[in-house]
Amino acid sequence: TTASITVLSATLNTLNASLFSLPPPSPGTQDPQIIPAASNALQSTSGPGPFPGQNNYTFVAGDNLGMIGTRGDSNTSATVTGQGRTTIANVNNVAEGRAISGAGDSGGSSGRNTVDYGIRITRGGTFTFGFTALNDLFASTAANPNETANASTATSIVIINSAGDTVFNFTPDGRGGADGTGVASSVDPFSLQQVCGSIGGVPTGDCTTRQGPGVFGATSFNLGVGQYSIAFRSTSQENVVTQVRQNTVPEPGSILLFGAGLVGMFVARRRKHQA
């Protein structure tokens, strides 16, 4: 707000990973890029599928097109404008998994975005940023012991000085105020650190956590003259585990297992505008 900031460097990085049942797993895909290019790593998939297409972040609560397996996908686009102002245009990530109840399969996946800026502050002052975010998590299991599905999201903004010390760490938790290292004030209408899980059919039906879109922002305490690193981090993760059935008679509603960072898919959408 009052500081004079010069952007020295900026890097976008997307990283996707997935694993389902027996090896070999699908290798992770990574795509580091220098702004103004976008970072868009190929989605990582494991299992028979069929899988949604690249950059498909649409939430599907249910069989998700009949997919069997896990996938992670992410993309980031950003621009740097004049006079030290930086804008993150769009950040999306998803992790999803599905397995047949009683099949004895397991897996997990993640979609991750990291945006790093190197900056120089030539006149001390405060740093303010803002962004909008949407979280969508879903998990469901059959009434079969020891079957689990979990989805989680995490988002944070960190500023580190040239000595390697963290001078600002905003991890939106829905409490607002001056919560966090070096945070003078913040607005966070809901937590971006979410977990949604189901074990053996509990809760009945599914665990669903959908929040947003919401507007987030924070202002730092005074930052002195010097060089700093600013990082925006957003991650979606999921895992599913099924147990081999002890009897061969299917039970109604116990055929499918969904786990998602967006649910049977876990989707975390982040739209960020940073100054």
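Just so it is clear, the structure is predicted and the values come from calculations on it, not from any experiment. Residue numbering note: each chain is counted from 1, following its sequence as written. It should be noted that, the model being predicted, local features are given only for residues of pLDDT at least 70 and side-chain atom pairs only at 80 or more, the latter also being counted only at that level, while totals for whole chains, interfaces and linings use all residues. Note that the side-chain values use all heavy atoms of the structure and ignore hydrogens as well as water.

Visitor: Kindly report on the overall build of the protein chain, identifying the contributing residues and their values.
Guide: Assigned secondary structure in the protein chain consists of zero helices and 15 strands. Burial classification: accessible surface area is computed with a 1.4 Å probe over protein chains only, and a residue below 20% of its type maximum counts as buried, one above 50% as exposed, and the rest as partly exposed. Scored against the burial criterion, the 275 residues of the protein chain give a buried share of 49%. Sequence separation of at least 24 residues holds for 75% of the intrachain contacts in the protein chain that already meet a minimum separation of 6. Here the protein chain displays about 11300 Å² of accessible surface, and carbon together with sulfur accounts for 55% of that area. Every helix listed is a DSSP run of H or I at least four residues long, and every strand listed is a run of E at least two residues long, numbered separately from the N terminus. Note on contacts: a residue pair is in contact if any heavy atoms of the two residues lie within 4.5 Å. Using the Shrake-Rupley algorithm and a 1.4 Å probe, accessible areas are obtained, with residue cover drawn only from the displayed protein chains.

Visitor: How would you summarise the nonpolar core if you had to cite specific residues and measurements?
Guide: The definition of a nonpolar core used throughout is a set of buried Ala, Val, Leu, Ile, Met, Phe, Trp, Tyr and Cys residues joined through side-chain atoms within 4.5 Å. Membership of the largest hydrophobic core comes to 28 residues, with the highest contact counts inside it found for Tyr117, Phe129, Ile157 and Phe168. Within the residue set of this core, elements represented by two or more residues are β1 (4-20), β5 (86-100), β6 (106-123), β7 (128-140), β8 (148-161), β9 (166-170), β12 (207-220) and β13 (226-241). Sort the elements by how many residues they give to this core and β6 lands first, with four residues. Those residues within four positions of Phe168 in sequence are excluded, and the remaining contacts are Phe129, Ile157, Val158, Ile159, Thr181, Gly182, Val183, Ala218, Thr219 and Ser220.

Visitor: Give me the lowdown on the packing of aromatic side chains, citing residues and values where you can.
Guide: Any two aromatic rings considered together are summarised by their centre-to-centre distance and by the angle between their planes. Stacked, tilted and edge-to-face pairs are distinguished by plane angle, under 30 degrees for stacked and over 60 for edge-to-face with tilted covering the rest, among Phe, Tyr and Trp rings (Trp via its six-membered ring) whose centres lie within 6.5 Å. One pass over the full model with this rule turns up seven aromatic pairs. Taking 6.1 Å as the distance between ring centres and 10° as the angle between the ring planes, the aromatic pair formed by Phe129 and Phe131 counts as stacked. Take Phe131: its relative accessible area is 2%, and that puts it in the buried class. Relative to Phe170, the ring of Phe129 lies with its centre 5.8 Å away and its plane at 50°, an arrangement referred to as tilted. Note that Phe129 is positioned in strand β7 and Phe170 in strand β9, a separation of 41 residues in sequence.

Visitor: Let's hear about the state of the cysteines: which residues, and what values?
Guide: Criterion for a disulfide: a pair of cysteine sulfur atoms at a distance within 2.5 Å. Evaluation of the coordinates by the stated rule reveals one disulfide. In this model Cys196 forms its disulfide with Cys207; the gap between the sulfur atoms is 1.8 Å. Here Cys196, found in strand β11 (residues 194-199), pairs with Cys207, found in strand β12; they are 11 residues apart in sequence, far enough to count as distant.

Visitor: Please give an account of unusual backbone geometry that cites residues and values.
Guide: With an omega dihedral of 5°, the bond running from Val202 to Pro203 counts as a cis peptide bond. Its place among the elements puts Pro203 in the loop between β11 and β12. Residues Gly212 and Pro213 are joined by a peptide bond in cis, for which omega reads 5°. Tracing the backbone shows Pro213 in strand β12. Even without being a glycine, Asn55 presents a positive backbone phi close to 60°. With respect to the helices, strands and loops of the structure, Asn55 is situated in the loop between β3 (44-49) and β4 (68-80). The residue Asn146 is not glycine, and still its phi comes out positive at about 70°. Structurally, Asn146 can be placed in the loop between β7 and β8.

Visitor: An account of the pattern of salt bridges is requested, with residue identities and associated values reported.
Guide: By salt bridge we mean one thing: a side-chain nitrogen of Lys or Arg within 4 Å of a carboxyl oxygen of Asp or Glu. As enumerated under the stated definition, the model contains five salt bridges in all. The shortest N-O distance in the salt bridge between Asp136 and Arg210 comes to 2.0 Å. In this pair, Asp136 is assigned in strand β7 and Arg210 in strand β12, connecting sequence segments 74 residues apart. A salt bridge links Asp179 to Arg175, with the shortest nitrogen-to-oxygen separation between them at 3.4 Å. Of the residues examined, Asp179 reaches a relative accessible area of 29% and is grouped as partly exposed. Put simply, Arg71, Asp73 and Glu96 are held in one network by salt bridges that share partners.

Visitor: Explain the environment of Ile100 to me, using residue names and the numbers behind them.
Guide: Relative to the assigned elements, Ile100 resides in strand β5. Judged by relative accessible area, Ile100 falls into the partly exposed class, the value being 28%.

Visitor: Break down the pairing of β6 for me, citing the residues and quoting the values.
Guide: Of the strand pairs in this sheet, β1 and β6 are connected by 16 bridges, and their pairing is antiparallel. Across the sheet, the residue bridging to Thr6 is Arg120, located in β6. The pairing criterion is simple: DSSP has to find at least two bridges between the two strands.

Visitor: I'd like to hear about the pairing of β12, residue by residue, with values.
Guide: The sheet contact formed by β7 and β12 spans 11 bridges and is antiparallel. When the sheet's bridge partners are listed, Asp136 is paired in β12 with Arg210. With four bridges joining them, strand β10 (residues 183-187) and β12 adopt antiparallel strand pairing. Bridging from a neighbouring strand, Ser185 pairs with Thr219 of β12.

Visitor: Outline the confidence of the model for the protein chain, listing residues and values.
Guide: Think of pLDDT as the predictor's per-residue confidence, scored from 0 to 100. Model confidence for the protein chain is summarised by a mean pLDDT of 81, while 81% of its residues fall at 70 or above. Within the protein chain, no element has a lower average pLDDT than strand β14 (residues 256-260), which sits at 29, and none a higher one than β9, at 96. Low confidence marks residues 245-275, where pLDDT is under 50. Its contacts with residues over four positions away, or in another chain, come to 171 contacts.

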